[in-house]
Amino acid sequence: MSYGLALIVENAPLLLIGLRATLLLAAVTLLSSTILGVVLGTLATAKSRWVRVLVALYVETFRDIPLIVTIFTIFFGAPFLGVPLEPFPAVALGLSLWGGANGAEIVRGGINAVPKGQREAATALGLRVWKIYLLILWPQALRAVLPAFTGLLALIIQSTSLGALVGVTEFLKAGGLIIERSTVMQGINPAFEIYGFVLLVYFSICSVLTWASRRLERRLGRASATTIRAPDASRL
Amino acid sequence: MEFDIGYLVQQMPALRAGFLLTIQISAIAMVLSVLIGLFGASMRVMRVPVLSQVFAAYVEFIRNTPLLVQLFFVFFGLPAIGLTLSLFWSGVLALTLWAGAFQTENVRGGLAAVAPGLREAARALGLTRGQYLRKIGLPLAVRTGLPSMLNTCVSLVKNSAYVSAIGLRDLAGVAFDRIASDFRAFEMLAVLLVGYLVLVLSLSAAVRVIEHHLQRPFRA
C-alpha cells in the first residue's frame, strides 16, 4: 500500500498529462455537444412534424447505442470511408454525437418549459421566428437548462475514459501505463492502488459537478417555474 | 469494400454466441442489482445506522465514477490484492455494482413516495419494520419505481458492451474482434447497431407494456 503512494508521486507528470487530456477532451466535447444540442433541441420544438421526427430519431439512436460502440464505430469505421481519424478526434467526435443527443433532450425540455403564452405573445407582436427564439425563448430556457448541462458535464468527463480503449493517453490510460511500467520494470502489480487512485480523482471532479448541479437546480428552481433535470448517470 | 452477406452468414454462430453472452451477463447483473436496490433502499429509508451511510456513500461513489474505471478496478485491481475472479464474473460484478447503485436510488424514490400513513398504520398494528417493508412498503415502492427501475435495466443491457474492454466475447467483443482480424467493419458495425437496437427497443417496449399494465387499477 505504501509503495502505491510513492508510485503516484513519482509518476505525477504522466498523471497530469493524462488529466490534461481528459479535461481537454471533456471541454471540446462540452462545446460541441452544446452547439449540437442547441441546434437539435431547437429543431425539436419546430412546427414541422418531419423535422421533429428526424431529430427524435437522431436522439434515440445515439442514446440507445452503447457509447463504446459509437466510438469504436467511428474509430475503426473511418478508415474504411477513406478518412482515417486520429484517436483524439475520433473519440471527440463520438462523444460529441452522443453528448449532442443528450444536450438536445435538455434544450428541448428547456424551451418547452417556457410558458406557452410567451411564444404566443411574441407571435402576436409580429416577431419573426428567429427573433422569438433569440430574444424570448432561449434566454428563459437558459435558466432551466443550466443545472442539467452541469450534470451532463460530469457525465462527459466520465465518458472520456473510453478514450483509453482506442489509444488516447487520458487519465485512465495514464494509470494503465504506470501499472504496466512498474510490472515490467519492478515486478510489482500496483493495479489496485493505481486504479483506486484513478477512481478517487474521477470521483472528486464529478461529485463537485454533481453537487453544483443539484445546488443550481434548487436555486434556479425557486426563481423559475421549472428546471430541467440532469440526465441520469445511467445514461452513460 | 462491399457489404458481404455471405460473410455475415458465415460469422453467425460466433455472433449468436456473443449475443447470448450479452443477454446472459445482463440478466444475471439485472437480478442481482435489483436485490441490491431492494436491500439498499430499505436500509436508507429505515435509517439503519452505519448501513444507511454505507449505501449512501456507495451510491454517490458509483454515480460519480466512470463504469469503465470501475470495471478495470474489479478486473485488474482486485486480483492484485488476491481477489481473483473469472473474466465472466468480473464483468458481472462490475455491472451489478454499477446498476445496484441506480436501483437503490430508484427503489428509494418509490419507498419515499409511499404514503406515510401506511407506515404509521403498520406500526400501530404492531408490524415490525421488516414486515412493513416486505408486505407493504416494497410492493408499493416497486410499483411506483418500476419505470425508472426498468430504465436502469435498459441502460444495463446497453452498458454490458463495456465488458468487451476486458476481453469478454459478448456481442460487442465478437464484432470488434472480427473488425480487427477480418477488416469487415461494415458488416460488423451493422450487426452491432441492429443487435443493440433490437435489445434496447424490445426492452423499452416491454417497459411500456408493463407500465400500461400497472396503470390498470388507476384507470377509469
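It should be noted that the structure appears before, not after, this text.
Model, not experiment: these values are computed from the prediction.

Conventions we followed
- Residues numbered from 1 in each chain as written.
- Chains lettered and ligands numbered in written order.
- Predicted model: local features only at pLDDT ≥ 70, side-chain atom pairs only at ≥ 80, totals over all residues.
- Heavy atoms only, no water.
- Helix = DSSP H or I, 4+ residues; strand = E, 2+ residues; numbered from the N terminus.
- Buried < 20%, exposed > 50% of the residue type's maximum accessible area, 1.4 Å probe, protein only.
- Contact = heavy atoms within 4.5 Å.
- Areas by Shrake-Rupley, 256 points an atom, 1.4 Å probe, with all protein chains shown as cover.
- Lys, Arg positive; Asp, Glu negative; His and termini not counted.
- Charge placed at Lys NZ, Arg CZ, Asp CG, Glu CD.
- Core = buried A, V, L, I, M, F, W, Y, C linked by side-chain atoms within 4.5 Å.
- 1 Å grid on protein atoms, 1.4 Å probe; cavity = no way out; pocket = protein on both sides within 12 Å on 5 of 7 lines; lining within 4 Å.
- Points joined across faces, edges and corners; volume = space filled by probe spheres on them.
- Nonpolar A, V, L, I, M, F, W, Y, C, P; charged D, E, K, R; others polar.
- Phe/Tyr/Trp six-rings, centres within 6.5 Å; stacked < 30°, edge-to-face > 60°.
- Buried area = accessible area lost by both parts, 1.4 Å probe.
- Salt bridge = Lys/Arg side-chain N within 4 Å of Asp/Glu carboxyl O.
- Polar contact = N/O pair within 3.5 Å; in protein donor to acceptor, adjacent residues only side chain to side chain.

Asker: So what's going on with the overall build of chain A? Which residues, and what values?
Answerer: Along the backbone of chain A there are 10 helices and 0 strands. Ordered by position from N to C terminus, the α and β elements of chain A give α-α-α-α-α-α-α-α-α-α. Across its three principal directions, the C-alpha atoms of chain A cover 75 × 45 × 25 Å. Burial analysis of chain A (236 residues in total) assigns 50% to the buried set. Sequence separation of at least 24 residues holds for 76% of the intrachain contacts in chain A that already meet a minimum separation of 6. Working note: accessible area of chain A is about 11400 Å², and carbon and sulfur atoms make up 68% of it. Charge-centre separation for chain A: the mean point of 20 positive side chains lies 16 Å from the mean point of 11 negative side chains.

Asker: With reference to specific residues and values, describe the nonpolar core.
Answerer: In terms of nonpolar packing, the biggest core is built from 125 residues, with Val69(A), Ile71(A), Leu172(A), Ile25(B) and Leu192(B) touching the most fellow members. In terms of residues, this core owes the most to one element, helix α7 (residues 129-159) of chain A, which gives 14 residues. Core analysis: the next-biggest nonpolar cluster, separate from the first, contains 8 residues, Ala44(A), Val55(A), Phe62(A) and Ala104(A) among them.

Asker: Please set out the layout of surface pockets residue by residue, giving values where relevant.
Answerer: All names here are of chain A. The volume enclosed by the second largest pocket comes to roughly 340 Å³. Contributing to the lining of the second largest pocket are Thr 42, Leu 43, Ala 44, Thr 45, Ala 46, Lys 47, Arg 52, Arg 119, Thr 123, Val 129, Ile 132 and Tyr 133. Mapped onto the lining of the second largest pocket, the elements with two or more residues apiece are α2 (12-43), α6 (116-124) and α7. Sorting elements by how many residues they give to the lining of the second largest pocket places α7 first, with 3 residues. In terms of residue class, the lining of the second largest pocket is made up of 6 nonpolar, 3 polar and 3 charged.

Asker: A description of the packing of aromatic side chains should follow, citing residues and the corresponding values.
Answerer: The tally for this structure, following the rule as stated, stands at 18 aromatic pairs over all chains. Consider the rings of Tyr195(A) and Phe72(B), whose centres lie 5.7 Å apart with planes at 65 degrees: the pair is edge-to-face. Remark: Phe72(B) occurs in helix α4 (residues 67-80) and Tyr195(A) occurs in helix α10 (residues 191-223); the pair is interchain, linking two chains. Taking relative accessible area as the criterion, Tyr195(A) reaches 6% and is therefore assigned buried. With a centroid separation of 5.0 Å and 55 degrees between ring planes, the pair formed by Trp98(B) and Phe102(B) is classed as tilted.

Asker: Requested: an account of the interface of chain B and chain A, with residues and values cited.
Answerer: On the side of chain A, 36 residues touch chain B, which itself brings 39 residues to the contact. For the chain B and chain A pair, buried surface summed over both sides reaches about 3600 Å², with 75% attributable to carbon and sulfur atoms. For the chain B face of the interface with chain A, the top three residues by lost area are Asn64(B), Phe73(B) and Lys158(B), together amounting to 17%. Viewed at the interface, chain A and chain B are joined by 1 salt bridge. For Arg214(A), the salt bridge goes to Glu60(B), with nearest N and O atoms at 3.1 Å. For the pair chain B and chain A, the number of links is 4 residue pairs in polar contact (both at pLDDT 80 or more). Those elements that provide at least two residues to the side of chain B that touches chain A are α3 (51-63), α4, α5 (87-112), α7 (129-159), α8 (171-182) and α9 (185-214) of chain B.

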